[in-house]
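Summary of structural features
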Amino acid sequence: MVAPPPAAPDYALHLAHVARKFGAQFVLRDVTLAVAPGEVLALFGGNGAGKTTLLRLIAGLLSPTRGEGRVFGYDLRDKRSVREHVFLMTEGGGLYGDLTARENLDFTARMYGVPERSAELLERVDLAPAAHKRARELSSGMRKRLHLARMLLAPSPLLLLDEPFANLDTAGKEAVLTHLCAAQAEGKTILLSSHEPELAAQVATRQARIEGGVLTAQIPATQGAA
Ligand SMILES: Nc1ncnc2c1ncn2[C@@H]1O[C@H](COP(=O)(O)OP(=O)(O)OP(=O)(O)O)[C@@H](O)[C@H]1O
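Residues numbered from 1 in each chain as written. Predicted model: local features only at pLDDT ≥ 70, side-chain atom pairs only at ≥ 80, totals over all residues. Heavy atoms only, no water.

1. So, the overall build of the protein chain
What counts is decided by this rule: For the purposes of this entry, the term helix denotes a DSSP run of H or I that reaches at least four residues, the term strand denotes a run of E that reaches at least two, and both are numbered from the N terminus. By the convention used here, residues are in contact when the closest approach between their heavy atoms is within 4.5 Å. Here the accessible surface of atoms and residues is derived via Shrake-Rupley with a 1.4 Å probe, and residues count as covered only by protein chains that are part of the display. Neither His nor the chain ends is counted toward charge; the positive residues are Lys and Arg and the negative residues Asp and Glu. Note that the charge is assigned to NZ on lysines, CZ on arginines, CG on aspartates and CD on glutamates.
Each helix and strand in the protein chain was counted, giving seven helices and 10 strands. In terms of overall dimensions, the protein chain has a C-alpha envelope of 45 × 40 × 35 Å along the principal axes. Here the contacts in the protein chain between residues at least 6 apart in sequence split such that 67% fall between residues at least 24 apart. Within the structure as shown, the protein chain displays about 10400 Å² of accessible surface, and the carbon and sulfur contribution to it stands at 51%. Of the side-chain charges in the protein chain, 26 are positive and 24 negative, and the distance between the mean point of each set is 6 Å.

In structure tokens form, the structure reads like this:
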């Protein structure tokens, strides 16, 4: 049975002993995590450690094999409510390849029920010249910029960002940092996975590392993650 959300949840995200396996292999074995509203948590871990799996699970795209979790008080099993509170940015998801960059943003606005402002957002992420290119014709860095524009459009209070700095040039990485800081200043809660500790540390209020299916370190950002 799915429990109702508390009237005033203390946490943006709360996970208790969450595990997830694919076939016989446990990718996440025992993840317990509490994230307060407004925190920016950077997740580190080697290739295949389970970062994307954890983000997809929090976004309601995967179910935990074991354990419990809540997003703003909503049980992870209540996927519809969870998805209403979460924006997930992953390399593979979220964009429609046959739609142009602009059409993707128009569609995102309609999906969230917010006013369309695609031209302005394409300017903000330096993608205006590619407005009429199909998403599948964009380079990976340009697709990342389009994802960033989608993030700016999303009203979701919890942002889950899978490697937001990957495949970007220096200016693009700076732009991501600027937009993340702005999102945090607006009160958003952010979980981001990264292989770039120096960049992530510039915006993270806390850092954690996934290793062997568990979170091995949850430390304040100032102490470093490596
Ligand atoms: N849908 C799936 N079916 C089977 N195995 C999967 C699935 N999704 C992920 N895995 C496996 O789970 C493990 C963790 O993958 P995941 O993508 O979460 O790692 P990651 O930490 O994000 O890695 P990277 O840093 O390389 O992006 C990998 O061994 C991967 O092959």
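2. Quick look at the environment of Lys21
So the rule is basically this: Burial status follows relative accessibility: with a 1.4 Å probe on protein chains alone, a residue under 20% of its type maximum counts as buried, one over 50% as exposed, and anything between as partly exposed.
Relative to the assigned elements, Lys21 resides in strand β1 (residues 13-22). Given the relative accessible area of 34%, Lys21 is considered partly exposed. Residues Lys21 and Leu180, spaced 159 residues apart in sequence, show a C-alpha to C-alpha distance of 31 Å. Setting aside chain neighbours within four positions, we find Lys21 in contact with Phe26, Val27 and Thr65.

3. Digging into the packing of helix α3 (residues 101-112) against helix α5 (residues 140-153)
Rule in force here: In this description, a line fitted to the C-alpha atoms serves as the axis of each element, helices being fitted only across the stretch in contact, and the angle between N-to-C directions of two axes falls anywhere from 0 to 180 degrees. Roughly parallel covers angles under 35 degrees, roughly antiparallel covers those over 145, roughly perpendicular covers 65 to 115, and oblique covers all other angles. In a left-handed crossing the near helix is turned counterclockwise from the far helix by less than a right angle, and in a right-handed crossing that turn is clockwise.
It is at 10 Å that the axes of α3 and α5 come closest, and there the two elements cross at 25 degrees. By the angle class used here, α3 and α5 are roughly parallel. For the pair α3 and α5, the sense of crossing is right-handed. Taken together, the residues of α5 that come into contact with α3 (itself represented by Ala101, Asn104, Leu105, Thr108, Ala109 and Met111) are Leu146, Ala149, Arg150 and Leu153.

4. Observations regarding the pattern of salt bridges
Rule in force here: The rule for a salt bridge is simple: a side-chain nitrogen of Lys or Arg has to be within 4 Å of a carboxyl oxygen of Asp or Glu.
Per the stated rule, a full pass over the model turns up 13 salt bridges. Put simply, Arg117 and Glu120 hold a salt bridge, and the shortest N to O gap is 3.0 Å. By relative accessible area, which is 29% here, Arg117 ends up partly exposed. By sharing partners, the salt bridges in this structure join Glu68, Asp75 and Arg77 into a single network.

5. Focus: the site of the ligand
Put simply, the rule reads: Residues are classed as near a molecule or strand on a simple rule: at least one heavy atom within 4 Å of it. Contacts described as polar in this section are N or O atom pairs within 3.5 Å, which, within protein, must combine one atom able to donate a hydrogen with one able to accept it, while residues neighboring in sequence count only if both atoms come from side chains.
Taken together, Phe22, Val27, Gly46, Asn47, Gly48, Ala49, Gly50, Lys51, Thr52, Thr53, Glu163 and His195 make up all the residues around the ligand. Asn47 is positioned such that a nitrogen or oxygen atom in its side chain is 2.9 Å from an oxygen atom of the ligand. In the model, an oxygen atom of the ligand is placed 2.6 Å from a nitrogen or oxygen of the Thr53 side chain. For the ligand, whose unbound accessible area comes to 640 Å², protein coverage reaches 60%. It is helix α1 (residues 51-58) that contributes the most residues to the shell around the ligand, three residues altogether.

6. So, the confidence of the model for the protein chain
Definition in use: The quantity known as pLDDT measures the predictor's confidence residue by residue, on a range of 0 to 100.
Across the protein chain, the average pLDDT comes to 91, with 93% of residues at or above 70. Model confidence for the complex is summarised by a pTM of 0.92, with the ipTM given as 0.97.

7. Considerations on the environment of Gly67
Residue position: Gly67 is located in strand β4 (residues 66-71). Linking Gly67 and His179, residues 112 residues apart in sequence, is a C-alpha distance of 33 Å. With sequence-adjacent residues up to four places away left out, Gly67 is seen in contact with Ala16, His17 and Val18.

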